[in-house]
Amino acid sequence: MNALHQYLFDAYRSARHDEPPPPVPGALDIATLRAVRDHRRFEAVLAGRPARGRLRGALLRRLHAGRGQAAP
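A short tour of the structure in this document, coming up.

About the cut-offs
Residue numbering note: each chain is counted from 1, following its sequence as written. Whole-chain, interface and lining totals are the exception, using all residues; otherwise, since this is a predicted model, local features are given only for residues with pLDDT of at least 70 and side-chain atom pairs are given and counted only at 80 or more. Excluded from the side-chain calculation are hydrogens and water; included are all heavy atoms of the structure. For this analysis, a salt bridge means a side-chain nitrogen from Lys or Arg found within 4 Å of a carboxyl oxygen belonging to Asp or Glu. Secondary structure elements are defined from DSSP: runs of H or I of at least 4 residues count as helices, runs of E of at least 2 residues count as strands, and each element is numbered from the N terminus. Any residue under 20% of the maximum accessible area for its type is buried, any over 50% is exposed, and the rest in between are partly exposed; the area is computed with a 1.4 Å probe on protein chains only.

**Topic: the pattern of salt bridges**
- With the rule as written, the count across this model stands at two salt bridges.
- Put simply, D10 and R13 hold a salt bridge, and the shortest N to O gap is 3.0 Å. Taken together, the positions of D10 and R13, both in helix α1 (residues 3-16) and three residues apart, correspond to about one turn of that helix.
- As a salt-bridge pair, D38 and R37 come within 3.5 Å of each other at their nearest N and O atoms.
- Accessibility expressed as a relative area gives 40% for D38, which makes it partly exposed.

Next up, the structure:
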């Protein structure tokens, strides 16, 4: 059974019990990803780390650190 089948069963069940239907599969994915991103930024601020640009900064540090080494 896939997510669509489960959704159809849940929608039928909710209609029979006069309850609101469940959300469509995938409808809340973007909101969930945004909430995770915001939580990670919040945790970074609490830990004293920059909240934005951490990946780019790490990549730039690694790139600039590699320039001083001789090529193999």
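**Quick look at unusual backbone geometry**
- In the Ramachandran plot, D18 falls in the positive-phi region, its phi being about 55° despite a non-glycine side chain.
- Mapping D18 onto the fold places it in the loop between α1 and α2 (29-46).
- In this structure D18 comes out as exposed when scored by relative accessible area, which is 72%.

Without other data, these values stay purely geometric and don't point to any function.
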